[in-house]
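Summary of the model geometry
Below are the chains, spelled out letter by letter.
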Amino acid sequence: MKQKHQHHNHEHHHTHVDRESNQDKHMHKHHHEEHSHHGHHDHGDMVNDFKKRFFISLIITIPILVLSPMIQGFIGVNWRFPSDQYILFALATVIFFYGGWPFITGGIRELKDRNPGMMMLIGLAILVAYGYSSLTVFGWEGKDFFWELATLIDIMLLGHWVEMRSVMGASNALEQLVKLMPNEAHKLDENDEIEDVPLSELASRDRVLVKPGEKIPVDGTILDGKSAVDESMLTGESVPVEKVKGDEVIGGSVNKEGSLTIQVEKTGEASFLSQVVTMVKEAQESKSKTQDLTNRAAKWLFYLALFAGLATLVIWLLLGYSYDIAIERMVTVMVITCPHALGLAAPLVVAVSTSISAKKGLLIRNQANFEGARNLNAVVFDKTGTLTKGEFGVTDIIADKGYQKDEVLAYAASVEQNSEHPIAAGIIGAAKDKAISLNKVNDFESITGKGIQGKVDGKTINVVSPKYVLDNYLTFDRKLFSKMSEEGKTVVFVLVEEELIGMIALADMVRDTAKEAVRSLKKQGIHSIMLTGDNQKVADWVAKQLGIEEVYAEVLPDDKANQVKKIKEKGWKVAMTGDGVNDAPALATADLGIAIGAGTDVAMETADVVLVKSNPNDVVELVDLSRKTYRKMVQNLWWATGYNIFSIPLAAGVLAPIGIVLSPAVGAVLMSLSTIIVAINAKLLKA
């Protein structure tokens, strides 16, 4: 057992070194980010710019609507007066240049890139509407489209503002979180004297005191004290979490009850909070596939608008109509083609989906890969820490010599209470769960090759390794022992006064939520596959408990990614769920990388989605939300483009021979309807 302990420490040291080097990378990354940080502020400025342009344009739109002859005709009033057209022209000019500016410049950019999209489509519509309407003011025969121009610009500004705000929303919440960090910490010196210092002066291994009601200033480990800590702002877990000595705490969470002395583990940029903020910034930079879909739709509509407009002009002229009537038809077609609703179709759904996922504790870092989750065929789970808790728990107690199971556990736990070993934690945890009270231990010592020894109630108790039992030729149930060992369980023996009274088997405990997750995925036709570095028998034992049929065991860390590649070669869409440094390459290789909770930095860096609550069941939620989000987006794109498919021929005058010509006013009503439907439909997205 002692050997095991050293081995454990050695492993721990390794992961620690790994993490250190990660942090160096992380620091380096952050240093790099300092330069791009102003980019983030630019984003905020752009949001405010669109917001300002939207509200100012909206205010100017009101008099434009009132002065428009078409609107007056629509509501059956006549408020015309001399030179009202010039006022209308002046107001429309302001809206065109002020509100329409982002679209005009965006359109020019798309033109330069020879890649027409949303901006060129909007640019074309507002240019045609403004140009034509201005001519009608100065003597050309025809009706103006100023109010169409104004509402089009308003709705497009609103769409862009909503889109950017939804992206910003996630990060604003996190920027707010950063502000939640206290400015100072109560640092303890060697003599336990308190000194208030700024957070920037804290270094790893420093000790800080956190009083009840205060915010915890850094990520760290509790050295002394116990308390309930409210982590809801960070993890979404509403119930305060009980924390005792040895537990980890996250900076930014609130200490509710007792005083805590905390050893600083991570400060500044390496802390959980800073990483979450970084991740959200990256999420903002990842574009959604459906937004690409919207852009493709806009590109086709741009060509369609040009073609339909010119075709309409030519046909009306060929039919012998005057030039001004033909031009009016052409303009009506081009203005109606510009889809108000298309500009809102994706952003609104993304906005709603992002807020739902954040509430559920799913941090989406890569929108495109998240949207692809709806097509998954398989989810690969890393075993340790993902399907299992990554901590020892007691699975079997075998009592002998007339002792009860609880007595065996009580003796073992009483002796183990002074040990820091994970096995000790498992045994003590089991005793606590059964409400077994522990007796005082005297003369505690750790004996090399033996295990541990101590006096409880005046009796010498030993908790020892199999090696000790074999070396001392003690008799025990070897068949049962080897069966438990083969399942990957660690077996320790309990001796009272050198007499063997029982065995305790421990194993990494399976998460209950993992069982539910595997069951739910199966129902949806998604295969669950387990990938682990552990030996085959341990892996099979865990898989059996979970109902997982496909298991890859004894996989070396750098081979995990290859294993994911092999599964992908079947033509499957694969998600990988993991939490460790060794999972990072596999997370990056999979179609969707899912990091479990506050796993290691690197795992979170390479994942597309982070499950804050470390609950494997959230994988099911994720697939579900991805499907619903995509469904809503496609519905919205159909509504948005469907309006065009219906209204363009009418605007072009297909039914003119039977006296039905779509007036721009009716076109506008149809346009508004499609926009309202798209907005309501997005809001109907439910978790």
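Residues numbered from 1 in each chain as written. Predicted model: local features only at pLDDT ≥ 70, side-chain atom pairs only at ≥ 80, totals over all residues. Heavy atoms only, no water.

**Considering the pairing of strand β11 (residues 378–382)**
Put simply, the rule is: Think of it in three bands: with a 1.4 Å probe and only protein chains considered, a residue is buried below 20% of the maximum accessible area for its type, exposed above 50%, and partly exposed in between. Per the convention used, a helix needs a DSSP run of H or I reaching at least four residues, while a strand needs a run of E reaching at least two, with both numbered from the N terminus. At least two DSSP bridges between two strands are needed for those strands to be called paired.
Among the 5 residues of β11, 5 are classified as buried, and the element is accordingly described as predominantly covered. Burial of the side chains of β11 extends over both faces: Ala 378, Val 380 and Asp 382 are buried on one face and Val 379 and Phe 381 on the other. Relative to strand β20 (residues 574–578), β11 is paired through 4 bridges, and the arrangement is parallel. Residue Phe 381 lies in a different strand from β20, and its bridge partner there is Thr 577. Relative to strand β18 (residues 527–531), β11 runs parallel, the two being bridged by 5 bridges. Bridging from a neighbouring strand, Val 379 pairs with Ser 528 of β18.

**So, a negative patch on the surface**
Selection rule: For patch detection, residues must exceed 30% relative accessible area and be free of salt bridges, and they are connected within 9 Å for like charges or within 5 Å for nonpolar side chains (Val, Leu, Ile, Met, Phe, Trp, Tyr). The accessible surface values rely on the Shrake-Rupley method and a 1.4 Å probe; as for residues, cover is taken only from the protein chains in view. Should a side-chain nitrogen of Lys or Arg be within 4 Å of a carboxyl oxygen of Asp or Glu, the pair is scored as a salt bridge. We treat Lys and Arg as the positive residues and Asp and Glu as the negative residues; His and chain ends play no part in the count. Throughout, a charge is located at the NZ atom of Lys, the CZ atom of Arg, the CG atom of Asp or the CD atom of Glu.
Judged by side-chain charge, Glu 184, Glu 195, Asp 196 and Glu 201 come together as a negatively charged surface patch. Here Glu 184 shows up in strand β1 (residues 184–188).

**A closer look at the pairing of strand β3 (residues 207–210)**
Pairing geometry for β1 and β3, over 3 bridges, is antiparallel. In the strand pairing of β3, Lys 187 is matched with Val 208. Where β3 and strand β9 (residues 260–266) come together, 4 bridges link them in antiparallel fashion. Counted as the bridge partner of Val 208 is Ile 262 from β9.

**Focus on a nonpolar patch on the surface**
Judged by side-chain polarity, Ile 62, Val 66, Phe 74, Ile 75, Trp 79, Val 669 and Leu 673 come together as a nonpolar surface patch covering roughly 690 Å² of accessible area. For the nonpolar patch, the secondary structure elements donating two or more residues are α1 (2–67), α2 (69–75) and α24 (664–683). Note that Leu 673 resides in helix α24. Taking relative accessible area as the criterion, Leu 673 reaches 45% and is therefore assigned partly exposed.

**Side note on the side chain of Thr 386**
Quick reminder of the rule: Should any heavy atoms of two residues lie within 4.5 Å, those residues are counted as being in contact.
Structurally, Thr 386 is set in helix α13 (residues 383–387). Those residues within four positions of Thr 386 in sequence are excluded, and the remaining contacts are Phe 381, Arg 511, Thr 577, Gly 578, Asp 579, Ile 596 and Pro 616.

**Things to note about the packing of aromatic side chains**
Definition in use: For Phe, Tyr and Trp, rings pair up if their centres lie within 6.5 Å, where Trp contributes its six-membered ring, and each pair is then called stacked (planes under 30 degrees apart), edge-to-face (over 60) or tilted (otherwise). Placement of a charge over a ring requires the Lys NZ or Arg CZ to be within 6 Å of the ring centre, with the centre-to-atom vector within 35 degrees of the ring normal.
Taken as a whole and judged by the stated rule, the model has 19 aromatic pairs. Measuring from centroid to centroid gives 5.7 Å for Phe 302 and Tyr 303, while their planes differ by 65 degrees, and the two rings are edge-to-face. Judged by its relative accessible area of 40%, Tyr 303 falls in the partly exposed class. The rings of Tyr 86, Phe 89, Phe 96, Phe 97, Tyr 130, Phe 138 and Phe 146 are connected pair by pair, giving a single aromatic cluster. Residue placement shows Arg 53 over the ring face of Tyr 98; its charged tip is 5.0 Å from the ring centre. Lying over the aromatic face of Tyr 630, Arg 374 brings its terminal NZ or CZ to 3.3 Å of the ring centre.

**Re helix α20 (residues 560–568)**
Our working definition: Working definition: the arc comes from the directions between the helix axis and the C-beta atoms, pointing outward to the latter.
All of the buried residues along α20 are Lys 560, Ala 561, Gln 563, Val 564 and Ile 567. Along α20, the residues classed as buried sweep out an arc of 160 degrees about the axis, all on the same side. Elements that come into contact with the buried residues of α20 comprise β11, β18, β19 (550–552), β20 and α21 (584–589).

**Let's talk about the side chain of Gln 453**
Tracing the backbone through its elements, the reader meets Gln 453 in strand β14 (residues 451–456). If near-sequence neighbours (up to four positions away) are discounted, Gln 453 is found in contact with Val 415, Asp 443, Phe 444, Glu 445, Ile 447, Thr 460, Ile 461 and Asn 462.

**A few points about the pattern of salt bridges**
Oppositely charged side chains are able to pair whenever their charged atoms sit close together. Here the structure, examined in full by the defined rule, presents 18 salt bridges. Across the pair Asp 49 and Arg 53 runs a salt bridge whose closest N-O atoms are separated by 3.1 Å. Here Arg 53 and Asp 49 lie together in helix α1, a separation of 4 residues that amounts to about one turn. The closest approach of N and O atoms between Asp 591 and Lys 568, which form a salt bridge, is 3.9 Å. Of this pair, Asp 591 sits in the loop between α21 and β21 (592–596) while Lys 568 is found in helix α20, placing the two residues 23 residues apart along the sequence. Judged by relative accessible area, which is 22%, Asp 591 ranks as partly exposed. Salt bridges linked by common partners bring Asp 396, Lys 483, Glu 487 and Lys 489 together as one network.

**Here's the deal with the environment of Thr 93**
In this structure, Thr 93 sits in helix α3 (residues 84–99). Taking the C-alpha atoms as reference, Thr 93 lies 9.1 Å from Phe 146; in sequence the two are 53 residues apart.

**Quick word on the nonpolar core**
Spelled out, the test is: The nonpolar core is taken to be a set of buried Ala, Val, Leu, Ile, Met, Phe, Trp, Tyr and Cys residues, with the residues joined through side-chain atoms within 4.5 Å.
Judged by nonpolar contacts, the single largest core of 106 residues is most densely connected at Ile 64, Ile 126 and Leu 149. For this core, the element with the most residues is helix α5 (residues 118–137), which contributes 13 residues. In terms of nonpolar packing, the next biggest core, distinct from the first, is built from 25 residues, Tyr 411, Ile 427, Ile 436 and Ile 504 among them.

**Things to note about α5**
The test is simple: For a helix, the expected span equals 1.5 Å multiplied by the residue count minus one.
Here α5 contains 20 residues, and its C-alpha end-to-end distance of 29 Å stays within 8% of the 28 Å for a straight helix at 1.5 Å per residue. Within α5, 17 of the 20 residues are buried, leaving the element largely enclosed by the surrounding structure. Looking one or two residues beyond α5, the residue adopting positive phi is Gly 139, at roughly 105 degrees.

Take it as geometry only, folks, not as evidence of what the structure does.
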